[in-house]
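# A closer look at the structure
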Amino acid sequence: MPRSKRIAIWLVGALAIAAIAAPVIAFYAVRWVYGPELPSVTALSELQLQVPLRIYTQDEQLIGEFGAERRAPMAYDQLPQRVIDAFLAAEDDRFFEHPGVDWQGLLRAAWKLALTGEKIQGGSTITMQLARNIYLSPERSYERKIREILLALRIEEEMTKEQILETYLNKIFLGQRAYGVGAASQVYFARDAADLTWGQAALLAGLPKAPSRDNPVTSPQRAQDRRDYVLSRLRSLGKISELEYEAALAEPVAVKLSTAPVQSDAHYVAEMIRAEMIDQYGESAYTDGYQVYATVHSQRQEAANHALRSALLAYEERHAWRGPEARLPSELLSQSGPRRDLIEDFLAQRPSAAGLMPAAVVSFSAARLTVLLPDQRLAEIDAANFKWASIGERNALREGDIVRVRKVGDAWRLAQLPAVQGAFVALDPRDGAIQAVVGGYDFLLNKYNRVTQARRQSGSSFKPFLYAAAFEHGYTPATVLLDAPVVFQDSHLEGAWRPENHDGDFKGPMRLREALVHSRNLVSIRLLQELGLNYVRDYVSRFGLERARMPRDLSMALGTGSYSPLELAAAYAVLANGGFRVQPYVVERIVDAGGNTIFQATPPTVCADCEQEQATPPATTDATQADPAGASAENPSRPPRVIDPRVAWLIDDILREVTIRGTAAQARKLGRRDISGKTGTTNDETDAWFNGYNGELVAVAWVGFDQPAPLGRGEVGGRAALPMWMDFMRTALEDHAETPRARPTGLVTVRIGKESGLLASGSDPDAILEIVPEEHVPRTGANSALSRAVPVEDLF
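For the structure given in this document, a descriptive report is provided here. Given the structure is predicted, the values throughout are model-derived calculations rather than measurements. (Residues numbered from 1 in each chain as written. Predicted model: local features only at pLDDT ≥ 70, side-chain atom pairs only at ≥ 80, totals over all residues. Heavy atoms only, no water.)

## Description of the packing of helix α3 (residues 81-91) against helix α10 (residues 220-236)
- Where α3 contacts α10, the axes come no closer than 9 Å and their chain directions differ by 100°. Considering their axes alone, α3 and α10 lie roughly perpendicular with respect to each other. Contact with α3, carried on its side by Asp 85, Ala 86, Ala 89, Ala 90 and Glu 91, involves Arg 226, Val 230, Arg 233 and Leu 234 of α10 and no other residues of that element.
- Class assignment of the residues belonging to the contact of α3 with α10 gives a composition of five nonpolar, no polar and four charged. (Axes fitted to C-alpha atoms, helices over the stretch in contact; angles between N-to-C directions. Helix = DSSP H or I, 4+ residues; strand = E, 2+ residues; numbered from the N terminus. Parallel < 35°, antiparallel > 145°, perpendicular 65-115°, else oblique. Contact = heavy atoms within 4.5 Å. Nonpolar A, V, L, I, M, F, W, Y, C, P; charged D, E, K, R; others polar.)

Listed below in structure tokens is the structure:
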């Protein structure tokens, strides 16, 4: 063979070897340069997805979801095949064939670059996208592409194809804060991924390329174009038939944008728990997949919602109709009536509020009101259902007026958004577990939680604590004080103070039982004057009411100190459970993303025989000094006793009479003999309260304006707040047996004079029975020794 030919063969061989070896050498050179900088793939198989915080009721009804990212992770065997097929058709149809890098695709992209000089994105496999999304920046550069390729190869070495695809389909961003196909199915279509049609699966699969640009919410046409492309790819790959393809193309791009499907309206509870979780876990609470279960049960919560809203709507109907809340723009009105086809968007700007729907007036007469609802249905309202508004010629409704309506049974009724507000809270007095919280008419209108954040004057709600202080000090229900006019010159008050009873009259000498049953202001003031301010402030703080917020003057007897409904509920729990102070709590348990219970509430709990314990309450129990855990020093599983069980029983016995013949006598309609409570009303009917309980449930209702103002003549606690409490208790205690309270030892029944409160002879026809501590049986002589004068310095 000629020498020239041998040289030529050698050169061709060398070039061939070089052509083969060069890429391999280049590849290993690049790997040697960039390999040490690549992150470990080990963490990818243990990837912690940012799963939002989800909050549930005790009976596992979702009440809130919080987090920047919406996620619903799915295991590989839960992923529907049509979803897998759609994403592979759109992003990487050779996924199960290549080693993580589609060299054919990369060569096509390189050829395009060589021909046009244009740097484009191309050849990215699902594995490469996963590497980029999790580990690398989104910049488009050759260097990032090299890292992406190397990392994709490493991922394929350490994970199975199924693991890679599962991670990708749970991690990929699909717009509207939705990450992963599970969350996106709920967000866009309000259904599970398993229920998606071919058209819906293709629409989701078209989003990863540009989730903002191709979003069906903001760009429905672009979303449809991408969906149709994915469907054509599915057809060309043989994943769907021609018939399925045509049917999917015919599907409209109908998006039903949805947040997490909240199953029970307990937004105020969810917000309380969200705040607690952030305090405990910081921002990771939003991303680590915690599931929190509240102490609240959905049935009781729904009963509380209904009770509060009914009470506020009833108040609104007792007061002035404020007229339409808006009018339709003139361009939406025509000679033939409102333009129904254009009104829907206008009404959508005024969303429903707890069942109060916006509606446009179509016609009005003295006998009938016709309105157009947001869904373009007509609703007829008869005169009986708008009579309360006293609509006449001067304030007649006109076509195009915007009003609120609500459904009552099968009928529609005229309504208005309440200007007044309310709060309701219920808890278990045995351990403090919160049972229901309603912080206002509608959380979505106003997130201010009046149960925990609003401190309002308590009015006569305070009196039971004052009388408890008196009974602890030796007074009894038989003690007589004077219900008569009085004038105080007090340096702590502005000038002369002339307090009055609510009804303006005076009863003369009264036994303390009668004074509390009928909420007599003047007796309460005299009682505080005799006991001394400092003593009462110290004693009442045992109930958890902060001493510093109790006024240093005699107006304290009328409840001028300001407390939240939750604070009052906890204070009344002491009376309900026989004298133990429990700490309210709302978190029952916390479960982490792995399903492990990382917190289980174990609150100190009143035992069945606790009321018979005769432990001496602490001498000073200011709320600010109490053990925050609320446990007894002698027995950590029991709450601390803070008042004598006999005092608790006596106050409970009197408050039970309040619900039978006193200021809350309406409560008799519940037909129960185990409920007790106290109304509360502040000056000018500014705040209306009812605080009531039985042995297993304490509930507090409040009605008032956020900016304190009179509620109106006659809007006292027994009228404005008590119906709310009764509506709740009627449902909450249904099918619950009565819980009669055993009388503790150390109390005796005596015959006393009805007017004098002194021991009566057996022949006295007007004698009545009274229960008193055995060491404080009334004498047959003067009873006024207890009504002693108190030095001025002891008052302040």
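That covers the picture; the talk isn't over yet.
## Focus on the packing of aromatic side chains
- Summed over the entire model, instances satisfying the criterion amount to 17 aromatic pairs.
- Considering the side-chain rings of Tyr 268 and Phe 443, the 5.1 Å spacing of their centres and the 90° angle between planes classify their relative orientation as edge-to-face. You can see Tyr 268 sitting in helix α12 (residues 267-281) and its partner Phe 443 sitting in the loop between β15 (434-438) and β16 (456-457), a full 175 residues away along the chain. Exposure class is identical for Tyr 268 and Phe 443. Each is buried.
- One aromatic cluster is present, formed by Phe 462, Phe 465, Tyr 535, Tyr 539, Phe 543 and Tyr 572 through successive ring pairs.
- Directly above the aromatic system of Phe 95 lies the positively charged group of Lys 161, at a separation of 4.4 Å from the ring centroid.
- Between Arg 589 and the ring centre of Tyr 293, over which it is positioned, the NZ or CZ distance is 3.9 Å. (Phe/Tyr/Trp six-rings, centres within 6.5 Å; stacked < 30°, edge-to-face > 60°. Buried < 20%, exposed > 50% of the residue type's maximum accessible area, 1.4 Å probe, protein only. Lys NZ or Arg CZ within 6 Å of the ring centre and 35° of its normal.)

## Focus: the sheet that holds strand β1 (residues 53-56)
- Here five strands make up an open sheet; going across it, the order is β2-β1-β5-β22-β23 and the pairing mixed. With one partner strand each, in any of the chains shown, β2 (62-66) and β23 (597-600) form the two edges of the open sheet. Going from strand to strand, the sheet's axes swing by 15° on average, the running direction of each strand aside.
- Of the strand pairs in this sheet, strand β5 (residues 291-294) and strand β22 (residues 587-591) are connected by four bridges, and their pairing is antiparallel. Across the sheet, the residue bridging to Val 292 is Ile 590, located in β22.
- Together, β1, β2, β5, β22 and β23 form the strand contacts of α12, whose direction differs from that of β2 by roughly 45°. (Pairing = 2+ DSSP bridges.)

## Some thoughts on helix α20 (residues 645-661)
- Taking 1.5 Å as the rise per residue, α20 with 17 residues should run 24 Å; its terminal C-alpha atoms sit 24 Å apart, in good agreement.
- With 14 of its 17 residues buried, α20 lies for the most part within the structure.
- Capping the start of α20 is the job of one residue whose side-chain oxygen sits 2.7 Å from the backbone nitrogen of Arg 646: Asp 644. (Expected span 1.5 Å × (residues − 1). Polar contact = N/O pair within 3.5 Å; in protein donor to acceptor, adjacent residues only side chain to side chain.)

## A short note on the side chain of Asn 691
- As for its position among the elements, Asn 691 is in strand β25 (residues 687-693).
- At 2.7 Å, the side chain of Asn 691 forms a polar contact with the side chain of Ser 461.
- The contacts of Asn 691, once residues within four sequence positions are left out, are Ser 461, Leu 568, Tyr 572, Ser 676, Gly 677, Lys 678, Ala 699 and Val 700.

## Topic: the nonpolar core
- Residues Phe 424, Phe 465, Trp 725 and Phe 728 are the most contacted members of the largest nonpolar core, which totals 131 residues.
- Not counting chain neighbours up to four residues away, the residues in contact with Phe 728 comprise Arg 300, Ala 303, Ala 304, Ala 307, Phe 424, Ala 426, Ala 436, Leu 697 and Ala 699.
- Membership of the second largest hydrophobic core comes to 44 residues, among which are Ala 89, Met 159, Phe 189 and Leu 196. (Core = buried A, V, L, I, M, F, W, Y, C linked by side-chain atoms within 4.5 Å.)

## Describing unusual backbone geometry
- Of note in the backbone geometry, Arg 177 takes a positive phi value of approximately 65° without being a glycine.
- Structurally, the position occupied by Arg 177 is in the loop between α7 (161-171) and β4 (178-179).
- Judged by relative accessible area, Arg 177 falls into the partly exposed class, the value being 38%.

## Observations concerning the pattern of salt bridges
- Scanning all chains against the criterion turns up 43 salt bridges.
- The salt bridge involving Arg 94 is made with Glu 97; its shortest N-O contact spans 3.5 Å.
- The exposure class assigned to Arg 94 is partly exposed, which follows from its relative accessible area of 22%.
- Given a relative accessible area of 58%, Glu 97 falls into the exposed group.
- A salt bridge links Asp 228 to Arg 227, with the nearest nitrogen and oxygen atoms 2.9 Å apart.
- Residue class for Asp 228 comes out partly exposed when judged on its relative accessible area of 21%.
- Among the residues examined, Arg 227 registers a relative accessible area of 1% and is labelled buried.
- Taken together, the shared-partner salt bridges in this structure form one network comprising Arg 511, Arg 513, Glu 514, Asp 653, Arg 656, Glu 657, Arg 661 and Glu 770. (Salt bridge = Lys/Arg side-chain N within 4 Å of Asp/Glu carboxyl O.)

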